[in-house]
Amino acid sequence: MLDHKCEVRKSLLVSDVWNKSDDSPVTVADYGSQAVVSLVLERELKNEPISLVAEEDSAELRKVAAEAVLARITELVKDTLATDESYAASPLSSDDVLKAIDSGKSEGGPKGRHWVLDPIGGTRGFIRGEQYAIGLALLVEGKVVLGVMACPKLPLASTAGSNTHKSSPEKVGCLFFGAVGTGAYVQSLNALDSPPVKVEVSSNDDPAKASFFESYHTPVPIHNTIAKKLGIKESPIKINSQTKYAALSRGDGEVYLRFTRKARPESIWNHAAGSILVSEAGGRVTDAAGNPLDFSKGKYLDYKRGIVVTTQKLLPRLLKAVTESLKEEEEEEKKAASLKLH
């Protein structure tokens, strides 16, 4: 199954890009990845019903103007599956691909088993040829129990201390995986017969020597405020997608902050696989109040304001910095509102 997930990126082209109705970018790779994973899950787990919570649906592809794009996705999905002889003889139509994509419409929830898929996490990074990830996780009774993440552009060797995660021509491509109680591991994405190596979060307990990750988005002022209070001196390492979770799980950095200027829902597929990798590597993933992330409420997380990912050693001081920063931000907003009234 993992071979199929990884092969999607090798086959699909970044030139097939457009914007969805919400102006977020999407590529044939997003749809192709989701279709492949759905089809493989259905085939490999044929004795059990499949509930898949995933990012994409086929609405855009069902429009007349998208017929050529759908044909291209169908062709490339067929080519990808054909790399495994057991799938080569299976006929596959465009309708089959649409159905596979739409199998990701499950709402998840607190009961039963649900697969959670981020088909191409960090689409903007994927388009630019930078960091992106494919993440798959399993929820059982609302808890993440298994996670797998492919990071095709992440160097195999740890980049701790380099303040960069740009790809180099050699030894690039990581496959991370972890399950409850078994630890987290990484192996080469391009040599899946290579032995996996157990990963652990950084042992650094000095905030002044810590580094932190954030996304390539509009700067969020509270990130810098929190970092200063914690004593972090380095500039943030900007990485697209859940690759930040993977990098932190093997000690490339100590802190990942995800706050937004305005409160907004967080999709579970953006965090499910990454959260268990960090947890199994000895780290912690919480909301701004220090509560574990709640994946049992459906497609969106139940959390308070922001997401904090760090090591066990740094968590207490980080949460203290978060609390103080949020309080200061609230006071500033009250002052600004008061001035407007006068």
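These notes cover the structure that comes with them. (Residues numbered from 1 in each chain as written. Predicted model: local features only at pLDDT ≥ 70, side-chain atom pairs only at ≥ 80, totals over all residues. Heavy atoms only, no water.)

**Some remarks on the environment of Pro195**
- As for its placement among the helices and strands, Pro195 is situated in the loop between β8 (183-188) and β9 (197-199).
- Placed 10 residues apart in sequence, Pro195 and Tyr185 show a C-alpha to C-alpha distance of 9.7 Å.
- Dropping the residues within four chain positions of it, Pro195 is found in contact with Val186 and Gln187. (Helix = DSSP H or I, 4+ residues; strand = E, 2+ residues; numbered from the N terminus. Contact = heavy atoms within 4.5 Å.)

**Here we look at the sheet that holds strand β11 (residues 237-238)**
- An order of β11-β10-β12-β14-β13 is seen for the five strands of this open sheet, with the pairing classed as mixed. Each end of this open sheet is capped by a strand with a single partner; those strands are β11 and β13 (283-287).
- Sheet topology note: the strand β12 (residues 255-258)/strand β14 (residues 307-311) ladder contains four bridges and is antiparallel. Looking across to β14, one finds that Leu257 is bridged to Val308.
- The sheet strands contacting helix α9 (residues 272-280) are β13 and β14, and the helix crosses β13 at an angle near 135°.
- Contacting β12, β13 and β14, helix α10 (residues 315-341) crosses the sheet at an angle of about 150° to β14. (Pairing = 2+ DSSP bridges. Axes fitted to C-alpha atoms, helices over the stretch in contact; angles between N-to-C directions.)

**Focus on the packing of helix α3 (residues 67-81) against helix α5 (residues 94-102)**
- Two elements in contact, α3 and α5, have axes separated by 9 Å at closest approach and are oriented at 85°. Here α3 is positioned roughly perpendicular relative to α5, judged by the angle of their axes. Where α3 abuts α5, its residues Leu70, Ile73 and Thr74 lie against Ser94, Val97 and Leu98.
- In terms of residue class, the contact of α3 with α5 is built from four nonpolar, two polar and no charged. (Parallel < 35°, antiparallel > 145°, perpendicular 65-115°, else oblique. Nonpolar A, V, L, I, M, F, W, Y, C, P; charged D, E, K, R; others polar.)

**Here's the deal with the packing of aromatic side chains**
- For the structure on display, the rule yields three aromatic pairs.
- Plain terms: the ring middles of Phe177 and Tyr185 are 5.7 Å apart, the flat faces sit at 20° to each other, and that makes the pair stacked.
- One Lys or Arg, Arg43, reaches over the ring of Tyr87 and ends 4.3 Å from the middle of that ring.
- Over the ring of Tyr216 we find Arg128; its NZ or CZ atom is 5.5 Å from the centre of that ring. (Phe/Tyr/Trp six-rings, centres within 6.5 Å; stacked < 30°, edge-to-face > 60°. Lys NZ or Arg CZ within 6 Å of the ring centre and 35° of its normal.)

**Overview of the pairing of strand β7 (residues 172-179)**
- Taking burial as the measure, the eight residues of β7 include six buried ones, the bulk of the element.
- The pairing of β7 with β8 spans six bridges and is classified as antiparallel. Paired with Phe177 across the bridge in β8 is Tyr185.
- From the end of β7 to the start of β8, which pair antiparallel, there are three residues, and Gly181 there has a positive phi angle of about 80°. (Buried < 20%, exposed > 50% of the residue type's maximum accessible area, 1.4 Å probe, protein only.)

**Considerations on the sheet that holds strand β6 (residues 143-155)**
- What the seven strands build is an open sheet, ordered β3-β4-β5-β6-β7-β8-β9; its pairing is mixed. Two strands close off the open sheet at either side, each with one partner strand: β3 (52-54) and β9. When the angles between neighbouring strand axes are averaged without regard to direction, this sheet yields 20°.
- When strand β4 (residues 113-121) meets strand β5 (residues 133-140), the two strands line up antiparallel, connected through seven bridges. Note that in β5 the partner of Arg113 across the bridge is Val140.
- Along the sheet face, helix α2 (residues 28-44) touches β3, β4 and β5 and points at about 150° away from the line of β4.
- Contacts from α9 reach β4, β5, β6, β7 and β8 within the one sheet, and its direction differs from that of β6 by about 95°.

**Brief notes about the side chain of Ser194**
- Among the secondary structure elements, Ser194 is positioned in the loop between β8 and β9.
- A distance of 3.5 Å separates the side chain of Ser194 from the backbone nitrogen of Ser188, its partner in a polar contact. (Polar contact = N/O pair within 3.5 Å; in protein donor to acceptor, adjacent residues only side chain to side chain.)

**Quick look at the packing of α2 against α3**
- The contact between α2 and α3 brings their axes to 9 Å, and the two run at 45°. Classed by the angle they form, the pair α2 and α3 counts as oblique. Here α2 and α3 pass one another in a crossing that is right-handed. Where α2 abuts α3, its residues Val28, Tyr31, Gly32, Ala35, Val36, Leu39 and Val40 lie against Val69, Ile73, Val77, Thr80 and Leu81.
- By residue class, the composition of the contact of α2 with α3 is 10 nonpolar, two polar and no charged. (Left-handed = near helix turned anticlockwise from the far one by under 90°.)

**Thoughts on the side chain of His271**
- Here His271 shows up in the loop between β12 and α9.
- Judged by relative accessible area, His271 falls into the buried class, the value being 0%.
- Within polar-contact distance, the side chain of His271 engages the side chain of Glu266 at 2.9 Å.
- Apart from the residues lying within four places of it in its own chain, the contact partners of His271 are Gln242, Tyr245, Tyr256, Arg258, Glu266, Leu293, Phe295, Leu301 and Ile307.

**With respect to α9**
- Within α9, eight of the nine residues are buried, leaving the element largely enclosed by the surrounding structure.
- Regarding α9, the residues found buried are Ala272, Ala273, Gly274, Ser275, Ile276, Leu277, Val278 and Glu280.
- A positive phi of about 100° marks Gly282, the residue just after α9.

**Considering the pattern of salt bridges**
- Evaluated as defined, the whole model comprises 14 salt bridges.
- Lys299 is the partner of Glu107 in a salt bridge, and the nearest nitrogen-oxygen pair spans 3.8 Å. Note that Glu107 is positioned in the loop between α5 and β4 and Lys299 in the loop between β13 and β14, a separation of 192 residues in sequence.
- For Lys299, a relative accessible area of 19% corresponds to the buried category.
- A salt bridge links Glu330 to Lys334, with the nearest nitrogen and oxygen atoms 3.6 Å apart. A residue pair is termed a helical-turn pair when its members lie 3 or 4 positions apart in one helix, as Glu330 and Lys334 do in helix α10 at four residues.
- Taking the relative accessible area as the measure of exposure, Glu330 reaches 43% and is therefore partly exposed. (Salt bridge = Lys/Arg side-chain N within 4 Å of Asp/Glu carboxyl O.)

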